[in-house]
Amino acid sequence: MFYFDAHCHILPLKQMERSVTGGVSYFICNATKPDDWQSVIDLAQQVEGVYPCIGVHPWFIDELSGDWMIQMQLLLEKYPSLMIGEIGLDGTRPHLTKQAEIFETCLKLARQYKRAVHIHGYKAWVNILNILVCFPDISCLFHRFSGSEVQARYLSKMVNAYFSVMTSKPLRYLPADRVLIESDSPDGLHKPIRVIELAERLGLNWEQLDYNFCSFIGRTMPFKGLPPQMNKG
Ligand SMILES: [Zn+2]
């Protein structure tokens with residue numbers, strides 16, 4: 001058995017090392033804007049078990065330079081294990097049309113480079129669903145999922161859709177074999193290590209969570225294979 005954090009952000013190296021010492025073996029670490037992309041790649045090179053993702057979060061679309069897409073493309077070409085995240089739509093933020101354009105551009109790159117995406121959706125699930133129907137083959141991790149039961153059912157029909165949670169509410173209607181757990185550090189739980197107590201509080205079983213994590217990563221990076229630690233115990 002092993003512990004993982006399915007969604008966090010860039011954290012100081014010391015804090016990542018403390019989480020590793022505390023027993024967390026894997027971290028899916030998301031960057032939210034081009035300025036952070038190299039930092040998340042560097043972190044993955046410093047800490048074994050960090051899976052890096054580069055993306056454009058809907059909160060930061062105004063900070064983009066004209067060549068962001070080319071920069072993303074170059075990095076995806078250079079690093080075959082890079083995933084795409086955090087991307088998505090936020091209905092409480094302005095410029096939903098521009099958010100959607102950027103989201104779709106990232107999804108097209110995900111399809112072209114065969115990468116999984118890590119999706120932020122807040123009060124915009126219908127728009128997200130309408131866009132994702134055009135990308136049925138992409139592996140998606142819906143982070144901090146907050147959609148309704150009907151939306152969850154619809155999304156679950158996508159073969160490659162997984163959900164990472166921090167609260168018990170969505171667990172009632174999510175398929176048990178698609179659920180992962182996350183800290184969203186440094187925002188959510190502040191520290192990845194706290195996923196261990198969170199899983200206990202939510203009554204989640206780590207053997208099932210580990211199975212789900214391997215199945216998500218296995219779909220995402222079959223060429224890379226599972227890290228050796230995943231086969232332990
Ligand atoms: Zn996040």
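Up top is the structure.
Residues numbered from 1 in each chain as written. Predicted model: local features only at pLDDT ≥ 70, side-chain atom pairs only at ≥ 80, totals over all residues. Heavy atoms only, no water.

Draft legend 1. Region of the structure containing the pattern of salt bridges. By the definition in use, this model includes five salt bridges. Close ionic contact of Asp184 with Arg144 constitutes a salt bridge, the shortest N to O distance being 2.8 Å. Taken together, the residues Asp184 in the loop between strand 8 (179-181) and helix 7 (195-202) and Arg144 in the loop between strand 6 (140-143) and helix 6 (149-156) connect sequence positions 40 residues apart. Among the residues examined, Asp184 registers a relative accessible area of 5% and is labelled buried. (Salt bridge = Lys/Arg side-chain N within 4 Å of Asp/Glu carboxyl O. Helix = DSSP H or I, 4+ residues; strand = E, 2+ residues; numbered from the N terminus. Buried < 20%, exposed > 50% of the residue type's maximum accessible area, 1.4 Å probe, protein only.)

Draft legend 2. Layout of the coordination of the zinc ion. Protein ligation of the zinc ion involves His7 (NE2), His9 (NE2), Glu86 (OE) and Asp184 (OD), the donor distances falling in the range 2.1 to 2.5 Å. Seen from the zinc ion, its four donor atoms lie at angles of 84 to 172°, and the figure they make is irregular. Of note, the zinc ion draws all its donor residues from one chain, in the sequence arrangement H-x1-H-x76-E-x97-D. A residue pair is termed long-range when its members are at least 10 positions apart, and His9 in strand 1 (residues 3-9) and Glu86 in strand 4 (residues 83-90) qualify at 77 residues. Of the two residues, His9 and Glu86, both sit in the buried class. (Donors = N, O, S within 2.8 Å, 3.2 Å for Na, K, Ca; no water. Tetrahedral: all angles 85-135°; square planar, octahedral: opposite > 155°, others 65-115°.)

Draft legend 3. Inspection of the pairing of strand 7 (residues 161-165) at higher detail. Counting buried positions along strand 7 yields five of five residues, so the element is predominantly enclosed. What you see with strand 7 is no split at all: Ala161, Phe163 and Val165 on one side and Tyr162 and Ser164 on the other are buried throughout. By the bridge criterion, four bridges tie strand 6 to strand 7 in an arrangement that is parallel. Paired with Phe142 across the strands is Phe163, a residue of strand 7. In this fold, the crossover linking strand 6 to strand 7 by way of helix 6 has right-handed handedness. Two elements, strand 7 and strand 8, share three bridges in a ladder whose sense is parallel. Each residue of the ladder has a partner; that of Phe163, found in strand 8, is Val179. (Pairing = 2+ DSSP bridges. Right-handed = clockwise from strand over helix to strand, strands pointing away.)

Draft legend 4. Main features of the nonpolar core. The biggest cluster of nonpolar side chains holds 83 residues, and the ones touching the most others in it are Phe4, Leu132, Phe142 and Ile181. Sort the elements by how many residues they give to this core and helix 4 (residues 96-113) lands first, with eight residues. Look past the residues within four positions of Phe4 in its chain and what remains in contact with it is Val24, Tyr26, Leu180, Ile181, Val195, Trp206, Leu209, Asp210 and Phe213. (Core = buried A, V, L, I, M, F, W, Y, C linked by side-chain atoms within 4.5 Å. Contact = heavy atoms within 4.5 Å.)

Draft legend 5. Region of interest: the side chain of Ser156. Within the fold, Ser156 resides in helix 6. The residues touching Ser156, leaving out its near neighbours within four places in the chain, are Phe163, Pro175 and Arg178.

Draft legend 6. Seen up close, the packing of helix 4 against helix 5 (residues 125-132). Between helix 4 and helix 5, the shortest axis-to-axis distance is 11 Å and the interhelical angle comes to 35°. Between helix 4 and helix 5 lies a crossing whose hand is right-handed. Here helix 4 contributes Leu96, Ala100, Phe103, Glu104 and Leu107 to the contact with helix 5, which in turn contributes Asn127, Ile128, Ile131 and Leu132. Of the residues contributing to the contact of helix 4 with helix 5, the split by class is seven nonpolar, one polar and one charged. (Axes fitted to C-alpha atoms, helices over the stretch in contact; angles between N-to-C directions. Left-handed = near helix turned anticlockwise from the far one by under 90°. Nonpolar A, V, L, I, M, F, W, Y, C, P; charged D, E, K, R; others polar.)

Draft legend 7. The arrangement of the sheet that holds strand 8 in detail. One open sheet accounts for eight strands, arranged 1-2-3-4-5-6-7-8; its pairing is parallel. A single partner strand is all that each edge strand has here, and the edge strands are strand 1 and strand 8. Taken over all neighbouring pairs, the strand axes of this sheet differ in orientation by 25° on average, direction set aside. Of the strand pairs in this sheet, strand 4 and strand 5 (residues 117-122) are connected by six bridges, and their pairing is parallel.

Don't take any of this as a statement about function, it's just geometry.
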